[in-house]
Amino acid sequence: MKKIPYSLLAVISCAMLLALSVSAQETISIKDDLGRNLTISSPSQRVVFTMENALKTYYAVGDPKHVVALKDDKWMRKLAEDVFPVIDPEFESKIVVNITGDQLNLESLAKVSPDLVVLWASSPNDPNLQAINDTLKVPTFAIYVTSLEDVFRQVDTMGLISGNKERAEKVKEIMESYKEKTTSVTHQIAEGDKPKVFWMWTDVYGTAGLKSGMNDLIELAGGINVMTLADKEAQEMEHPVITQETLIKLNPDVIYMWYNENLDPKDIIGGEDFKGWKDINAVKNNRVYEIENPYLFDAFSPRMPLALLHLARDLHPDKFQGLDMNQTVDQYNVDMWGVHYPSMVKA
């Protein structure tokens, strides 16, 4: 019997592995958050993420080696201080897709030869969507989150993109179990004990309409979105912008700020620029709060249950007196990504 040379065995082995890899992939059709149909390979092998919340979801579900590039902006670079470089040791070297304003640089994107680009877009006419589709001929998945249901659906999406639907189901179970740590308390709160909340985006008078993810969060946290008292047109908007006069008339019990680099709660309560707000209940009673860490308490990512708990604790401090937030945050990151927070040590 003739012996097969080792070199030939090596070639045959590589060919078999490649064949197995190809056969493990399947072509699937999925809808993105804008309802656009696209055909992708599952698992996709060379994915580019330009949205950090979707990336967090993927890292909870998929294999980091299939992430080949990330958008180069301050938000993505801030994640280098989070658990994600522990999950993906090549994280920082992948931040290579340049951006000018809101426009992605197609040349830097083309260099990484993606088979899928995941990006934020609120319309099928988004310039980045059109440019990538027309110029690079690469499938684009549009992320557009307007409800907490969208956050859970995003987990399913990453399960399809990564080819790991079982892990996606587990991630949703983790999210639901931590979400119930809050809702098991807040669902017992009487309607009359729920404060009216004005959600304050960074544009100050921009807020959360009744058809928004933040409205869902406020309600689950045991609050009432003060926009329920606004006119119907404003209620129906995802991001209505109101006037100071309207805000004073709505008179919220709580003002909850999204992270703002230029303002703190103390500025709202006693700052010269906000003296016109002095008669608002939230200001008079020092009930102005802020999401101080938008990465750790990102409501549009798998960390949504932590954002919910953060909000509920401020709305109802008496109901969460025994809460150890640091321990909860640490265990959540271990359960979701297998990394302790803030030590950034693998579990």
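Nothing here was measured: the structure is a model prediction, and the numbers come from that model.

Here is what the cut-offs are and how they apply
- Residues numbered from 1 in each chain as written.
- Predicted model: local features only at pLDDT ≥ 70, side-chain atom pairs only at ≥ 80, totals over all residues.
- Heavy atoms only, no water.
- Pairing = 2+ DSSP bridges.
- Helix = DSSP H or I, 4+ residues; strand = E, 2+ residues; numbered from the N terminus.
- Contact = heavy atoms within 4.5 Å.
- Axes fitted to C-alpha atoms, helices over the stretch in contact; angles between N-to-C directions.
- Expected span 1.5 Å × (residues − 1).
- Buried < 20%, exposed > 50% of the residue type's maximum accessible area, 1.4 Å probe, protein only.
- Polar contact = N/O pair within 3.5 Å; in protein donor to acceptor, adjacent residues only side chain to side chain.
- Phe/Tyr/Trp six-rings, centres within 6.5 Å; stacked < 30°, edge-to-face > 60°.
- Lys NZ or Arg CZ within 6 Å of the ring centre and 35° of its normal.
- Core = buried A, V, L, I, M, F, W, Y, C linked by side-chain atoms within 4.5 Å.
- Salt bridge = Lys/Arg side-chain N within 4 Å of Asp/Glu carboxyl O.

Q: Quick one: what's the story with the sheet that holds strand 12 (residues 254-257), residue by residue and with numbers?
A: Strand order in the open sheet formed by four strands is 11-10-12-13, and the pairing between neighbours is parallel. The open sheet is flanked by strand 11 (224-225) and strand 13 (288-290), the only strands paired with a single partner. Looking at chain direction, strand 10 (residues 196-200) and strand 12 are connected through four bridges and run parallel. The partner of Met200 across the bridge, within strand 12, is Met257. Sitting on the sheet, helix 14 (residues 304-315) is in contact with strand 10, strand 12 and strand 13, with an inclination near 150° to strand 12.

Q: Give a description of helix 15 (residues 325-337) that names residues and reports values.
A: Given a rise of 1.5 Å per residue, 13 residues ought to cover 18 Å, and the 18 Å separating the end C-alpha atoms of helix 15 matches this to within 8%. Of all the positions in helix 15, only Met325, Thr328, Val329, Asp330, Tyr332, Asn333, Val334, Met336 and Trp337 are classed as buried. A distance of 3.3 Å separates the backbone nitrogen of Asn326 from a side-chain oxygen at the start of helix 15, and that oxygen is part of Asp324. Two residues or fewer past helix 15, Gly338 is found with a positive phi of approximately 75°.

Q: Provide a residue-level description of the sheet that holds strand 5 (residues 95-97), including the pertinent values.
A: What links the strands of a sheet is backbone hydrogen bonding, and the strands pair in either a parallel or an antiparallel sense. A sheet is described by the order of its strands in space; here five strands give the open sequence 5-4-3-8-9, paired in parallel fashion. Every other strand in the sheet has two partners, leaving strand 5 and strand 9 (140-143) as the edge strands with one partner each. Across the sheet, the mean angle from the axis of one strand to that of its neighbour is 35°, orientation sign disregarded. Direction of pairing for strand 3 (residues 47-49) relative to strand 4 (residues 67-71): parallel, over a ladder of three bridges. Paired with Phe49 across the two strands is Leu70, which belongs to strand 4.

Q: Requested: an account of the packing of aromatic side chains, with residues and values cited.
A: Applying the stated criterion across every chain, the model contains 14 aromatic pairs. Ring centres of Tyr256 and Tyr289 lie 5.7 Å apart, and the angle between their planes is 40°; on these two criteria the pair is classed as tilted. One end of the pair, Tyr256, is in strand 12; the other, Tyr289, is in strand 13, and 33 residues separate them in sequence. Using a relative accessible area of 0% as the deciding quantity, one classes Tyr256 as buried. Taking the relative accessible area as the measure of exposure, Tyr289 reaches 18% and is therefore buried. By the ring-pair criterion, three or more aromatic residues cluster together here, those being Trp199, Trp201, Tyr256, Trp258 and Tyr289. When the ring centre of Tyr178 is taken as origin, the NZ or CZ atom of Lys181, which lies over that ring, is 5.2 Å away.

Q: Got a sec to walk through the nonpolar core? Specific residues and values, please.
A: In terms of nonpolar packing, the biggest core is built from 74 residues, with Phe49, Val118 and Trp199 touching the most fellow members. Residue contributions to this core peak at eight residues, all from helix 14. With residues up to four places along the chain from it excluded, the contact list for Val118 reads Val47, Val48, Phe49, Thr50, Met51, Ala54, Phe141, Ile143, Met158 and Ile161. Within the second largest apolar cluster, 20 residues are counted, among which are Met200, Ala230, Met257 and Phe274.

Q: Break down the side chain of Thr57 for me, with residues and values.
A: Looking at where Thr57 falls in the secondary structure, it is placed in helix 2 (residues 52-61). The exposure class of Thr57 is buried, given its relative accessible area of 1%.

Q: Which residues make up the pattern of salt bridges, and what values go with them?
A: Counted under the stated rule, the structure contains 20 salt bridges. With a shortest N-O distance of 3.9 Å, Lys179 and Glu176 are connected by a salt bridge. Within this pair, Lys179 and its partner Glu176 are both found in helix 8 (residues 165-186), separated by three residues, close to a single helical turn. Given the relative accessible area of 30%, Glu176 is considered partly exposed. The network of salt bridges with shared partners includes Asp33, Asp150 and Arg153.

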